[in-house]
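# Coordinate analysis (summary)
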Amino acid sequence: MTVDGVMSDFVNSVVEQVVFDAAQEHDLVLVEGQEALNHPRYSAVTLGLLHGARPDSLVLCHDLQRESVGLLPGHRLPSVRRAIEINEQAVRWVWPDDACRVAGISVMSRGLPYDEARDAIDRLEQETGLRTTDVLRYGADRLLDAVLPPR
């Protein structure tokens, strides 16, 4: 399902219903969103997805080479730590007792040499204490392990 065709007044409730229905049949429901809460043009969609999905955990996406918001070169990206804080805080705006946390970081390392990408991923993991990977280069296992409950 895509929310691009949903009137903004209804995004949260439509996402909530779709996630609820999916959770009736599946143990894991993945809700993918684009852009970010700090993007001045697309934050409403991101917030609607976040509030409607009421996630148990989040995976933050980060482009290792991007310094500014897409199509807005003068609008610098927040640090990864600040992005984590922003997203965790936004969940608590409507679910104040929710324990939802960023569980991992998915990076985009396209264009970087293998060693440089690996070093950047290792640094982010050290800085944040979160499992970090580029799923296109190294697979999603580390992130899946981060979001699944312990067995």
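Note that this is a predicted model, so its numbers are computed, not measured. Counting restarts for each chain, with residues numbered from 1 along the sequence as it is written. Selection of residues for local features in this predicted model requires a pLDDT of at least 70, selection of side-chain atom pairs for listing and counting requires 80 or more, and totals for whole chains, interfaces and linings are taken over all residues. Only heavy atoms go into the side-chain values, all of them from the structure, while hydrogens and water stay out.

## Things to note about helix H4 (residues 114-128)
Inclusion rule: By the criteria applied, helices consist of DSSP H or I runs no shorter than four residues and strands consist of E runs no shorter than two, each listed in order from the N terminus. Here the expected length of a helix is defined as 1.5 Å per residue gap, with one fewer gap than residues. Contacts between residues were defined by any pair of non-hydrogen atoms, one from each residue, lying within 4.5 Å.
Here H4 is 15 residues long and its end C-alpha atoms lie 21 Å apart, about the 21 Å a rise of 1.5 Å per residue gives. Those residues of H4 hidden inside the fold are in contact with strand E1 (57-63), helix H3 (80-94), strand E4 (101-108), strand E5 (131-133) and helix H5 (135-138).

## Re the pattern of salt bridges
Defined as follows: A pairing counts as a salt bridge when a side-chain nitrogen of Lys or Arg comes within 4 Å of a carboxyl oxygen of Asp or Glu. A 1.4 Å probe rolled over the protein chains alone gives each residue an accessible area, and that area as a share of the maximum for its type sets the label: buried under 20%, exposed over 50%, partly exposed in between.
What the rule picks out here adds up to six salt bridges. Arg 131 is paired through a salt bridge with Asp 145; the nearest N and O atoms lie 3.8 Å apart. Note that Arg 131 is positioned in strand E5 and Asp 145 in helix H6 (residues 141-147), a separation of 14 residues in sequence. For Arg 131, a relative accessible area of 34% corresponds to the partly exposed category.

## Let's talk about the sheet that holds E5
In plain terms, the rule: Two strands pair if DSSP finds at least two bridges between them. Each axis is a line fitted through C-alpha atoms, and for a helix only the stretch in contact is used; angles between axes span 0 to 180 degrees, taken between their N-to-C directions.
Spatially, three strands are ordered E1-E4-E5 in an open sheet, and the strand pairing comes out parallel. The sheet is open, and its two borders are formed by E1 and E5, each paired with just one other strand. Along the sheet, successive strands turn relative to each other by an average axial angle of 25°, direction set aside. Across seven bridges, E1 lies against E4 in parallel orientation. In the strand pairing of E4, Val 59 is matched with Gly 104. The sheet strands contacting H3 are E1 and E4, and the helix crosses E1 at an angle near 145°.

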